[in-house]
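Commentary on secondary and tertiary structure
Spelled out, the chains give:
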Amino acid sequence: MEVTISNIRKEFDRFPALNDVSLKIASGELIALLGPSGSGKTTLLRLIAGLDFPTDGKIFFGEEDASHRSVQERNVGFVFQHYALFRHMTVAENISFGLKVRPSSARPPKAEIRRRVLELLDMVQLGGLEKRYPHQLSGGQRQRVALARAMAIEPHILLLDEPFGALDAKVRKELRRWLREFHDRTGHTTVFVTHDQEEALELADRVVVMSQGRIEQVGSADDVYDRPGSPFVFSFIGESSQLPIEVKGGTVLFQGQPIGISEAEEGAGELFFRPEDVVLVDAPDALFGKVTACRRLAGTRIAEIDIANDGHAPYHVEVEVPLHAPVELRSELRFRPTRWKIFRK
Ligand code: ATP
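The model shown is predicted, which means the values in this text are computed figures rather than measured ones.

**Concerning the packing of helix α3 (residues 91–100) against helix α4 (residues 110–123)**
Put simply, α3 and α4 touch, their axes get as near as 10 Å, and they point 125° apart. Between α3 and α4, the interaxial angle falls into the category oblique. As α3 runs across α4, the sense of the crossing is right-handed. When α3 is examined against α4, the residues Val91, Ala92, Ile95, Ser96, Leu99 and Lys100 are found in contact with a partner set consisting of Ile113, Arg116, Val117, Leu120 and Leu121. For the contact of α3 with α4, the residue count by class is eight nonpolar, one polar and two charged.

And the structure:
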């Protein structure tokens, strides 16, 4: 099912939680809503679900305007962070709940419900556990039951709000891989909310980066990491440093001095670069500062550098240094960005 979100605004007591949000979700796509706390992710998910209604704007399911349709009419499946399984029901009863509560005219026959439950259990790799109660399952297993329960109603779209938030890092990773495979097998249009960028970048076909009730950028993991479209996205996704610069005669100047890189557009701006996109140099036209810390980060080593700022607090930047040649604390390091982006003021 294709979903089109068109110029949505959502106010709570005049506070705009979402402001002019538009997004087209293709049928079968796996989309992540990523952003800091309070950026509007859950609000957007609730509007798609029909748990709440927009102040302005429309939501289409396929060609149909679903803006005022109820949750049931939209036929969406949900999974929330705290897998609220019914504690007094077995796994099988939990999964079949959504079908059993349907009015008799829309309810599948008993045997069909049972067949579907077993099929779903198989799909979430929990075959044989249908008689267990939630407290007899691990966190990851409970989360998979929650997914099976959401799928049982054959939803048009699956909505997941921080589905793995309450689980430990290892289980999260396993479930992440599992969800990707599950999605590829079932082909459901899926939207999930996360504030974990690794999760979003690894799992989603496209990532929707949100900030302050607006969409900052929509794109693949490569798009948002390699080609961030705004200062917010550059600093929110991955690690980065920023410095105020000026471009004169094609040369980038920092504190009035050339730093060995050039740019076509003249004028003042903010230079952004990632720690891995620098080269250490022994040249006068470069950025330089004192190493204040050096730390090992998985397969790399990162040096933290303070760049003097004429009596003000120094600029703090981070650069990757060779793994097997750690730099000395308080030594001076000279470097140039090899890839960068300048955002104009
Ligand atoms: P988090 O990652 O912390 O869950 P989020 O990105 O999902 O954050 P939302 O829950 O969508 O953010 O909230 C967006 C903004 O709308 C916040 O400022 C929040 O305080 C406000 N908000 C959300 N729901 C309501 C409500 N029912 N009444 C008033 N304000 C609300």
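**Description of the domain arrangement of the protein chain**
Under the domain assignment, the protein chain is made up of domain 1 (3–236) and domain 2 (241–344). A C-alpha centroid distance of 41 Å is found between domain 1 and domain 2. Contacts between the two partners involve nine residues from domain 1, matched on the other side by seven residues from domain 2. Counting the surface lost from both domain 1 and domain 2, the interface buries some 720 Å², and carbon and sulfur atoms represent 59% of this. Sorting the residues of domain 1 by area buried against domain 2 places Tyr225, Pro231 and Phe234 first, and these three jointly supply 73% of that buried surface. As a salt-bridge pair, Asp226 and Arg339 come within 3.8 Å of each other at their nearest N and O atoms. Where domain 1 meets domain 2, there are two residue pairs in polar contact (both at pLDDT 80 or more). Mapped by element, the contributors of at least two residues to the side of domain 1 that touches domain 2 are α8 (221–226) and α9 (231–236).

**Focus: the environment of Val209**
With respect to the helices and strands, the residue Val209 is situated in strand β9 (residues 206–211). For the pair Val209 and Lys41, spaced 168 residues apart in sequence, the C-alpha to C-alpha distance is 9.3 Å. Among all residues touching Val209, those that are not within four sequence positions of it are Leu34, Arg214, Ile215, Glu216, Gln217, Val224, Phe232, Val233, Phe236 and Ile237.

**Considering the nonpolar core**
Among the nonpolar cores identified, the biggest contains 42 residues, and Ile95 and Leu179 are the most heavily contacted of them. When residues of this core are assigned to their parent elements, the largest contribution, seven residues, is made by helix α5 (residues 139–152). Beyond its immediate sequence surroundings of up to four residues, Ile95 is in contact with Val117, Leu120, Leu121, Val145, Ala148, Arg149 and Ala152. Within the second largest apolar cluster, 24 residues are counted, among which are Ile5, Leu44, Val76 and Val193.

**A look at the side chain of Arg116**
Mapped onto the fold, Arg116 is located in helix α4. Judged by relative accessible area, Arg116 falls into the buried class, the value being 12%. Once you skip the residues sitting within four places of it in the chain, Arg116 turns out to touch Leu99, Pro108, Ala152 and Glu154.

What counts, and where the lines are drawn
Residues numbered from 1 in each chain as written. Predicted model: local features only at pLDDT ≥ 70, side-chain atom pairs only at ≥ 80, totals over all residues. Heavy atoms only, no water. Axes fitted to C-alpha atoms, helices over the stretch in contact; angles between N-to-C directions. Helix = DSSP H or I, 4+ residues; strand = E, 2+ residues; numbered from the N terminus. Parallel < 35°, antiparallel > 145°, perpendicular 65-115°, else oblique. Left-handed = near helix turned anticlockwise from the far one by under 90°. Contact = heavy atoms within 4.5 Å. Nonpolar A, V, L, I, M, F, W, Y, C, P; charged D, E, K, R; others polar. Domains from an automatic or database assignment. Buried area = accessible area lost by both parts, 1.4 Å probe. Salt bridge = Lys/Arg side-chain N within 4 Å of Asp/Glu carboxyl O. Polar contact = N/O pair within 3.5 Å; in protein donor to acceptor, adjacent residues only side chain to side chain. Core = buried A, V, L, I, M, F, W, Y, C linked by side-chain atoms within 4.5 Å. Buried < 20%, exposed > 50% of the residue type's maximum accessible area, 1.4 Å probe, protein only.

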